[in-house]
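In case you want the letters, here they are:
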Amino acid sequence: SPPDNNGVTPELEKAGLLNKTKIAEGGRKLRKNWSPSWVVLVGNSLVFFKDPKSQTPSSWKPGNSRPESSVDLRGAQLHWANELSSKKNVFKLRTVTGNEFLLQSETDSLIKEWYKTIQNVIDRLDRE
Ligand code: I3S
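Please read these numbers as outputs of a predicted model, since none were measured by experiment. (Residues numbered from 1 in each chain as written. Predicted model: local features only at pLDDT ≥ 70, side-chain atom pairs only at ≥ 80, totals over all residues. Heavy atoms only, no water.)

1. Observations regarding the overall build of the protein chain
Per the secondary structure count, the protein chain includes 1 helix and 8 strands. Helices and strands in the protein chain line up, N terminus first, as β-β-β-β-β-β-β-β-α. Here the protein chain holds 128 residues, and 36% of them are scored as buried. Considering only intrachain contacts with a sequence separation of at least 6, the fraction spanning at least 24 residues in the protein chain is 50%. Carbon and sulfur atoms provide 50% of the accessible area of the protein chain, an area that totals close to 8000 Å². (Helix = DSSP H or I, 4+ residues; strand = E, 2+ residues; numbered from the N terminus. Buried < 20%, exposed > 50% of the residue type's maximum accessible area, 1.4 Å probe, protein only. Contact = heavy atoms within 4.5 Å. Areas by Shrake-Rupley, 256 points an atom, 1.4 Å probe, with all protein chains shown as cover.)

2. A few points about the environment of E11
By secondary structure assignment, the location of E11 is in the segment before β1 (12–25). On the basis of relative accessible area, E11 is assigned to the exposed category, the value being 56%. For the pair formed by E11 and I111, sequence separation is 100 residues and the distance between their alpha carbons is 20 Å. The contacts of E11, once residues within four sequence positions are left out, are L41, V42 and G43.

3. Some remarks on the pairing of strand β3 (residues 35–42)
It is a general feature of regular strands that their side chains alternate between the two faces of the sheet. Of the strand pairs in this sheet, β1 and β3 are connected by 8 bridges, and their pairing is antiparallel. Residue pairing across strands places N19 opposite P36, the latter belonging to β3. Here β3 runs beside strand β4 (residues 45–50); their pairing, made up of 6 bridges, is antiparallel. Directly across from V39, in β4, lies its bridge partner F48. Count of turn residues in the β3/β4 antiparallel hairpin: 2 residues, of which G43 carries a positive phi of about 60 degrees. (Pairing = 2+ DSSP bridges.)

4. A look at the pattern of salt bridges
Oppositely charged side chains are able to pair whenever their charged atoms sit close together. Taken as a whole and assessed by the stated rule, the structure comprises 9 salt bridges. A salt bridge links E13 to R124, with the shortest nitrogen-to-oxygen separation between them at 3.7 Å. Here R124 lies in helix α1 (residues 108–127) and E13 lies in strand β1, a separation of 111 residues in the sequence. Residue E25 pairs with K22 through a salt bridge whose shortest N-O separation is 2.3 Å. Taken together, the shared-partner salt bridges connect E13, R74, R124 and E128 into one network. (Salt bridge = Lys/Arg side-chain N within 4 Å of Asp/Glu carboxyl O.)

Listed below in structure tokens is the structure:
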């Protein structure tokens, strides 16, 4: 696909599998529905893809990489949120538009890395 940002392709910061649930949309609370998600942090966005493992062989086509959704990190807020779940290693991401997501991993080091990397992007955008 063609580059954007005045010809500069956004930098891929991180990608990996996390458990995800959306808990609010535009400030309105949603019913939790945890599922594994392939999460990609690129440029100013966190992009969510369907977990490849949950796809059927027939849906496994090259180029079948349409994101499920994408989150603009500008002005977003990140908080550890273990009180919002019985799961361990949970953080909450809230966008300026009032969408809220919980992200989780069983692996302590992995979730700490994600937290740090997302917070760094938010901080960078705050300084712009
Ligand atoms: O915060 P909650 O409502 O206890 O979250 C749990 C429920 O959403 C539950 O779904 P149902 O109430 O629709 O059966 C989920 O299966 C759980 O995973 C949720 O809790 P955790 O503690 O896993 O975030």
